[in-house]
Amino acid sequence: MSSSEPLQKPLRIPPWLRIKLPSNENFSNTSELIGDLHLNTVCQSAKCPNKWECFSKNVATFLIMGAICTRNCAFCNITSGDLEPLDPSEPGRVAEAARRLKLKHVVITSVTRDDLADGGSGHFAACIRAVREAMPECTVEVLIPDFQGDESALKAVLDARPSVLNHNLETVPVLYDAIRPQADYRQSLAVLENAKRMCPDIPTKSGIMVGLGETDDQIMTVLDDLAAIACDIVTIGQYMQPSRQHPMVKRYVEPEVFEMYAEEGKKRGIRHMFSAPLVRSSYNAADFV
């Protein structure tokens, strides 16, 4: 950038995105429990704006396979670096946390582990089985990486019978090079399409962020693509800049526009649309099971 070009100033955060922090002893109890069991949560690692609300409700999204990712997506606050070996005790600790929190719906996600032969799919399956063994009535949602398109890895997760199979597209195709350079939009769509083909009875789910520079027409195209592969649940939320090192917010989308996205998704045949500024992939996930 030349010295004659003006620096872009950060957009002012609108009032509908200002979060009132709850005062609830459950928040500290949930934090302490996660720390005691040496677990990671995406709530903490990704600086989710809903952490205060969810922890106060005894809810958390478990982040398995360590806190270091093999990829470096521009939007994400999870860091890359020296990878940790898989811990065979982790599935049991996730199940114990779910039991102590008395969860009725457990959401498990992970960093991307391209270094592992199966992408970590076996570890996902072990976590699903551990939760089911500890809490047979509990539903389990998994938010998986793309496993580099490996269908056998996807099948290993599906064979463990999650209640919901989630894989996020994250953004519109034209922004992949800038925002998600180590991923491929069509490959991510194929994960969802293959999951539906392999196990038609397991609901599929995906989500995108807005405010990264996409247009509404491009969002409609994503909804077309998700409807075409019979994706059951779609979430749309506002991108929030985790730090100054991350891409700036290009626009703050008004709540009524999020409502329009939801209506457009439903018109296309998507069964469940959850679209609002503070929606994140696992926010209030139990509402759709």
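Please refer to the structure higher up on the page.
Residues numbered from 1 in each chain as written. Predicted model: local features only at pLDDT ≥ 70, side-chain atom pairs only at ≥ 80, totals over all residues. Heavy atoms only, no water.

What to know about the pattern of salt bridges
Working step 1: Scanning all chains against the criterion turns up 16 salt bridges.
Working step 2: The salt bridge involving Asp 232 is made with Lys 196; its shortest N-O contact spans 2.6 Å. Pair noted here: Asp 232 is in the loop between α9 (216-228) and β7 (233-238) and Lys 196 is in helix α8 (residues 185-198), with a separation of 36 residues, a long-range link. When sorted by exposure, Asp 232 lands in the same class as Lys 196, which is buried.
Working step 3: Overlapping salt bridges bring together Asp 224, Glu 264, Lys 267 and Arg 268 as one network. (Salt bridge = Lys/Arg side-chain N within 4 Å of Asp/Glu carboxyl O. Helix = DSSP H or I, 4+ residues; strand = E, 2+ residues; numbered from the N terminus. Buried < 20%, exposed > 50% of the residue type's maximum accessible area, 1.4 Å probe, protein only.)

Concerning the nonpolar core
Working step 1: Formed by 37 residues in total, the largest nonpolar core has its most connected members in Ile 108, Phe 124, Ile 144 and Leu 165.
Working step 2: If you list the elements that add at least two residues to this core, you get β2 (61-64), α4 (90-101), β3 (105-110), α5 (121-134), β4 (139-143), α6 (151-159) and α8.
Working step 3: The element best represented in this core is α5, accounting for six residues.
Working step 4: When sequence neighbours within four positions are dropped, the list of residues in contact with Ile 108 reads Phe 62, Ile 64, Val 94, Phe 124, Cys 127, Val 131, Val 140, Glu 141, Val 142 and Leu 143.
Working step 5: Leu 17, Val 172, Met 220 and Met 273 belong to the second-largest nonpolar core, a separate cluster that totals 33 residues. (Core = buried A, V, L, I, M, F, W, Y, C linked by side-chain atoms within 4.5 Å. Contact = heavy atoms within 4.5 Å.)

Comments concerning helix α10 (residues 255-267)
Working step 1: If you check α10, its first and last C-alpha atoms are 19 Å apart, about what 13 residues at 1.5 Å a residue would give, namely 18 Å.
Working step 2: All of the buried residues in α10 are Val 257, Phe 258, Tyr 261, Ala 262, Glu 264 and Gly 265. Seen from one end, α10 has its buried residues packed into an arc of 165 degrees, which puts them on one side. For α10, exposure combined with an orientation more than 90 degrees from the buried face picks out Glu 256, Glu 259 and Lys 267.
Working step 3: Elements that come into contact with the buried residues of α10 comprise β6 (204-210), α9, β7 and β8 (272-275).
Working step 4: Gly 269, located one to two residues past α10, shows a positive phi value of around 100 degrees. (Expected span 1.5 Å × (residues − 1). Arc of directions from axis to C-beta.)

Considering the pairing of β7
Working step 1: By the criterion of burial, β7 is predominantly enclosed, with six of the six residues buried.
Working step 2: Residue alternation in β7 divides its side chains into two sets, Ile 233, Thr 235 and Gly 237 and Val 234, Ile 236 and Gln 238, and both sets are buried.
Working step 3: Note on the crossover from β6 through α9 to β7: the handedness is right-handed.
Working step 4: Bridge count for β7 against β8 is four bridges, and the pairing is parallel. Following the sheet pairing, Ile 236 is matched in β8 by Ser 275.
Working step 5: Crossover handedness for the path β7 to α10 to β8: right-handed. (Right-handed = clockwise from strand over helix to strand, strands pointing away. Pairing = 2+ DSSP bridges.)

Topic: the side chain of Ser 188
Working step 1: The residue Ser 188 is located in helix α8 in this model.
Working step 2: Discounting residues that sit within four places of it in the chain, Ser 188 has contacts with Asp 146, His 167, Asn 168, Leu 169, Tyr 176 and Arg 180.

Topic: unusual backbone geometry
Working step 1: Phi at Lys 102 is positive, roughly 55 degrees, even though this residue is not glycine.
Working step 2: Tracing the backbone shows Lys 102 in the loop between α4 and β3.

Focus: the packing of α4 against α5
Working step 1: Viewed as axis vectors pointing N to C, α4 and α5 meet at an angle of 40 degrees, and their least axial separation amounts to 8 Å. By the angle between their directions, the pair α4 and α5 is classed as oblique. Where α4 crosses over α5, the two elements pack in a sense that is right-handed. Of α5, the residues touching α4 (which contributes Glu 90, Pro 91, Gly 92, Val 94 and Ala 95) are His 123, Ala 126, Cys 127, Ala 130, Val 131 and Ala 134.
Working step 2: Grouping the amino acids of the contact of α4 with α5 by side-chain chemistry returns eight nonpolar, two polar and one charged. (Axes fitted to C-alpha atoms, helices over the stretch in contact; angles between N-to-C directions. Parallel < 35°, antiparallel > 145°, perpendicular 65-115°, else oblique. Left-handed = near helix turned anticlockwise from the far one by under 90°. Nonpolar A, V, L, I, M, F, W, Y, C, P; charged D, E, K, R; others polar.)

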